[in-house]
Amino acid sequence: MTDVTTGIHDLSLATAHYVLDQTTLARELGIDDAKLKDGLGQDAMSVPAADEDIVTMAATAARPIIDRHGADRVRTVLLATETGVDQSKSAGLYVHGLLGLPHTCRVVELKQACYSATAALQFATALIARDPEQHVLVVASDIAKYKRGSAAEPTQGAAALAMLVTADPAILRVEPSSGMHSEDIMDFWRPNYRAEAVVDGKFSIDAYQRAVVSAFADYRERGGRDLAEFAAFCYHQPFTKMAVKAHRHLLDHLGVTAGPADLHAAVNASTHYNRVLGNSYAASAYVGLASLLDHRDDLADQPIAIVSYGSGSVAEFLGATVVPGYRDHLRSVENAAAIDQRKTVDYTRYCELHDACTPPDGGHHPNPQETTAPFRLAAISQHKRLYEAVA
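- The name that an unreviewed UniProt entry assigns to the protein chain is Polyketide biosynthesis 3-hydroxy-3-methylglutaryl-ACP synthase PksG, with the source organism given as Actinomadura rubteroloni.
- Recorded in UniProt under Sequence similarities (unreviewed entry), the annotation for the protein chain is "Belongs to the thiolase-like superfamily. HMG-CoA synthase family."

Here it is in structure tokens:
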């Protein structure tokens, strides 16, 4: 195996058709919206239309990458999600078909709560180290959904983040050292018979913080950088204030004193998108990466950290270095447009979309067109999901 520099060559963001403002939700819940906007750090959440799901968002996120770089060298598609649409078939195969990717391509779906996109990224770098000529398409796509009226409802959201992983990347070089932590716990889970997750909120926050400390300790033992070397941090964000909590906890554990300005400098640029999209599970840390690169002053040649956590639980701390000239390859305008073009949904329609169930009877159930995205879920018929390109 040759010594190959691998990492993220391109990345692209997509989200859902609708947006629900937290002020609207707070009014319906009978609480002060400051509890959501200031306490959680959430201003709004993306809400999928009836003809949207993780597949349509994933294909929408990935299409600009394929349009720019072509499909011929894509040998692997790794789709990371915890809201898969089938217990057997990879959601990535639907995406593969919608994008017209080559048949000479492996396609798999990866699941471990909100962590699996980081596993996909690491698997991709290993494949490319073996064969530097190939490209790997990594897509994280999720819809966070909780019971209406629950404490977790305001943290819902939806987004997809696609990454092209290659040798000699134009945006981010992934460094070889990383630190891991795995532990069998029940802080957040969703049994097969439930549409919504079961959450022990306080336990999950504690577990997240403990896992971050453990993963960083493992990272350092394996030759990783000192924490002070990093210019910025991208944490998994079940809500954006969690990034601040996690970073403060890690600093406290290391005996480092940090004020509000220090915490702001370390994580704030990574929170702009998650603040208005809501939780996107597996995509969350990498939506944070897109936000950081789009909003922070020049990071060329500077190291950043990606801190990934998935309940249940698995965490990883990895380092990366921003490639000089990376700004020429970003999609800052397109990312902002994907967020800004969402349509405001009223509370009644939000409830209808939230409470809708997939018909289990095997009949033909068409979806009226709502989304303006390039792909939609046209129908469910004879237990088959029927997708179509619309633009």
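## Let's talk about the UniProt feature "binding site: (3S)-3-hydroxy-3-methylglutaryl-CoA" (unreviewed entry) in the protein chain
- According to UniProt, the feature "binding site: (3S)-3-hydroxy-3-methylglutaryl-CoA" (unreviewed entry) maps to Asp-32, Tyr-146, Lys-245 and Asn-279 in the numbering used here. Among the residues just listed, Tyr-146 and Asn-279 line the second largest pocket.
- The residue Asp-32 is located in the loop between helix H1 (22-29) and helix H2 (34-40) in this model.
- Overall, Asp-32 belongs to the exposed group, its relative accessible area being 52%.

## A look at the sheet that holds strand S16 (residues 375-381)
- What the three strands build is an open sheet, ordered S15-S16-S17; its pairing is antiparallel. Every other strand in the sheet has two partners, leaving strand S15 (364-366) and strand S17 (384-389) as the edge strands with one partner each. Each neighbouring strand pair of the sheet contributes to a mean axis angle of 25 degrees, computed without reference to strand direction.
- Along the sheet, helix H3 (residues 54-69) contacts S16 and S17; its crossing angle with S16, the most-contacted strand, is approximately 150 degrees.

## Looking at the packing of aromatic side chains
- By the definition in use, this model includes 13 aromatic pairs.
- Between Tyr-347 and Tyr-350 the ring centres are 5.7 Å apart and the planes differ by 45 degrees, which places this aromatic pair in the tilted class. Pair noted here: Tyr-347 and Tyr-350 are both in helix H12 (residues 347-355), with a separation of three residues, about one helical turn.
- Looking at Tyr-350, the relative accessible area reads 2%, which means it is buried.
- Sitting over the ring of Tyr-94, Lys-89 keeps its end group 4.0 Å from the ring centre.

Definitions and limits used
Residues numbered from 1 in each chain as written. Predicted model: local features only at pLDDT ≥ 70, side-chain atom pairs only at ≥ 80, totals over all residues. Heavy atoms only, no water. UniProt positions renumbered as here; feature names shortened; annotations may be inferred. 1 Å grid on protein atoms, 1.4 Å probe; cavity = no way out; pocket = protein on both sides within 12 Å on 5 of 7 lines; lining within 4 Å. Helix = DSSP H or I, 4+ residues; strand = E, 2+ residues; numbered from the N terminus. Buried < 20%, exposed > 50% of the residue type's maximum accessible area, 1.4 Å probe, protein only. Pairing = 2+ DSSP bridges. Axes fitted to C-alpha atoms, helices over the stretch in contact; angles between N-to-C directions. Contact = heavy atoms within 4.5 Å. Phe/Tyr/Trp six-rings, centres within 6.5 Å; stacked < 30°, edge-to-face > 60°. Lys NZ or Arg CZ within 6 Å of the ring centre and 35° of its normal.

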